[in-house]
Amino acid sequence: MQLLNKIGSMLGLLAILIFSLGCTPTSTELPSKTETLKAMRLANQYFMDKWPDTGKTIVTNKERPSNIWTRGVYYEGLMALYATDPKPTYYDYAVEWGESHNWNFRDGVTTRNADNQCAGQTYIDLYELDPQEERIANTKASIDSMMVTDKIDDWDWIDAIQMAMPVFSKLGALYRDTAYFERMYDMYAYSKYQEGEEGLYNPEDGLWWRDADYDPPYTEPNGEDCYWSRGNGWVVAALVKVLEDIPDDEIHREEYELDLKAMLNALVKVQREDGFWNASLHDPTNYGGKEATGTSLFVYGMAWGLNNNLIDSATYYPVVVKGWNALLEESLHDDGFLGYVQSTGKEPSTGQPVTYDKQPDFEDYGLGCFLLAGSEVYKLSTER
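Each chain carries its own residue numbering, running from 1 in the direction its sequence is written. The predicted nature of this model means local features are confined to residues of pLDDT at least 70 and side-chain atom pairs, given and counted, to a pLDDT of 80 or more, with totals for whole chains, interfaces and linings taken over all residues. Computation of side-chain values covers all heavy atoms of the structure but excludes hydrogens and water.

### What to know about empty space enclosed by the protein
Working step 1: A cavity here means a set of 1 Å grid points, computed over protein atoms only, where a 1.4 Å probe fits but cannot escape. A pocket is an open set with protein on both sides within 12 Å along at least 5 of 7 lines, and lining residues have an atom within 4 Å of a point. Grid points are joined across faces, edges and corners, and a volume is the space filled by probe spheres set on the points. Tallied over the entire structure, the rule returns two cavities of 30 Å³ or more.
Working step 2: If you add up the space inside the largest cavity, you get close to 60 Å³.
Working step 3: Runs of H or I in DSSP of at least four residues are treated as helices and runs of E of at least two as strands, each being numbered from the N terminus. Sorting the residues of the lining of the largest cavity by element identifies helix 2 (33-50) and helix 14 (364-380) as the ones contributing at least two each.
Working step 4: Residue contributions to the lining of the largest cavity peak at three residues, all from helix 2.
Working step 5: What lines the second largest cavity is Ala292, Thr293, Ser296, Leu327, Ser331, Leu338, Val341, Gly366 and Phe370.
Working step 6: The set of elements that each furnish at least two residues to the lining of the second largest cavity consists of helix 12 (292-307), helix 13 (313-331) and helix 14.
Working step 7: If you tally residues by element for the lining of the second largest cavity, the top one is helix 12, at three residues.
Working step 8: Each residue is assigned to one of three groups, with Ala, Val, Leu, Ile, Met, Phe, Trp, Tyr, Cys and Pro labelled nonpolar, Asp, Glu, Lys and Arg labelled charged, and all others, Gly among them, labelled polar. Across the lining of the second largest cavity, the residue classes break down as five nonpolar, four polar and no charged.

Right, dumping it as structure tokens:
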């Protein structure tokens, strides 16, 4: 028994040592508004300097147009930065991007692919700032063409919920047409309750499987369900954006709020001690390590929830503080580059290892996630 006690003590000391080496001390408060905005400006300027031509194609393993989903997510973040810090250069950069693609989608208006439609979020935002019909015509035509059919099973992977669902909610709010709200709910509900065996959402854990390939009996190496960090982050972001758009009396609002709160509650339990979240939310041994995109999206959702009195400060404010400070201290480089951004893919193993210095295959969407988080943290911060 004494030997077992000694072994237990030694293991405890070892765990403490590992913890202390692997964790970065962070403040118990958020940075000031000035500090948060400075970080957002720095990261964004790095990208704008790197990509002065908004219409330039993106070349990785192949050449792609610059209105694909990765760039669409960046512009979501840029518009959030512009709402916080209305510099004309940000607006002009976004308008130039829309104009360079004739305000259209990859594969044109007939596309039903959510990734292609992601650009529509920014097109609509820019239309609302300056209602030129050309800015919104293709987006509306694409969504309207979907609504004259009975097909609702397009969003068979959870990333799609973020890419396209807010396009429906923005159109519904802009035109005061509840038909957009109804169709987006039908598509969301199909993903949630029907896709795969019994839907992609697991109410027991408050988290989503990325697609039907990851439904049970698929498990992570430790036997847990596979909940990919960024995939769940996309759903968090979608719910935030939809709740921003729909009226208080929209009939599905309560369900969206409950889903968001359930997810945020689940995420509190799996935050790393250093403030980040692992790529695999329920298996820290499977490519465990700091990951900035999921972390940014979770901070975004929680900060929005606090700013809108949806969640309680005692539980969630410390989580946001740890997450945002970790991003500023451990992810953001002095030149504005963001480290620990996982490459594109669909599971924890994608693009590994994810490190401080490694360049992901696409870095634009990582910045978009970071700017979305910063835009809500800024509102939550105090000036000092």
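### Re the packing of aromatic side chains
Working step 1: Only Phe, Tyr and Trp rings are paired, with Trp represented by its six-membered ring, and only when their centres lie within 6.5 Å; those with planes under 30 degrees apart are stacked, over 60 edge-to-face, the remainder tilted. Going through the model one piece at a time under the given rule, you end up with 24 aromatic pairs.
Working step 2: Through successive ring pairs, a cluster of aromatic residues spans Phe47, Trp51, Tyr74, Tyr75, Tyr93, Trp97, Trp103, Phe105 and Tyr123.
Working step 3: Whether a charge sits over a ring depends on NZ of Lys or CZ of Arg being within 6 Å of the ring centre and within 35 degrees of the ring normal. The positively charged end of lysine 33 is found above the aromatic ring belonging to tyrosine 378, 4.6 Å away from the centroid.
Working step 4: Sitting over the face of the ring of tryptophan 51, arginine 71 holds its NZ or CZ atom 4.4 Å from the ring centroid.

### Remarks on the pattern of salt bridges
Working step 1: Think of a salt bridge as a Lys or Arg side-chain nitrogen and an Asp or Glu carboxyl oxygen that are within 4 Å of each other. Evaluated as defined, the whole model comprises 20 salt bridges.
Working step 2: With its nearest N and O atoms 2.4 Å apart, the salt bridge here joins lysine 50 to glutamate 363. Of the two residues, lysine 50 sits in helix 2 while glutamate 363 sits in the loop between helix 13 and helix 14, which places them 313 residues apart along the sequence.
Working step 3: One salt bridge in this structure joins glutamate 257 and arginine 253, with 3.0 Å as the shortest N-O distance. Taken together, the residues glutamate 257 and arginine 253, both in helix 11 (residues 253-268) and four residues apart, mark about one turn of the helix.
Working step 4: Note on classification: 1.4 Å probe, protein chains only; a residue is buried when its accessible area is under 20% of the maximum for its type, exposed when over 50%, partly exposed between these limits. Arginine 253 gets classed as buried once you look at its relative accessible area, which sits at 11%.
Working step 5: A network of salt bridges, in which partner residues are shared, links Asp159, Arg210, Asp211, Asp213 and Lys346.

### Focus on unusual backbone geometry
Working step 1: Cis rather than trans, the peptide bond between proline 216 and proline 217 has omega equal to 20°.
Working step 2: By the element assignment, proline 217 lies in the loop between strand 4 (207-208) and helix 10 (229-245).
Working step 3: Put simply, glutamine 352 and proline 353 share a cis peptide bond, and its omega is 0°.
Working step 4: Note on placement: proline 353 falls in the loop between helix 13 and helix 14.
Working step 5: Unlike most non-glycine residues, tyrosine 287 shows phi in positive territory, near 55°.
Working step 6: With respect to the helices and strands, the residue tyrosine 287 is situated in the loop between helix 11 and helix 12.

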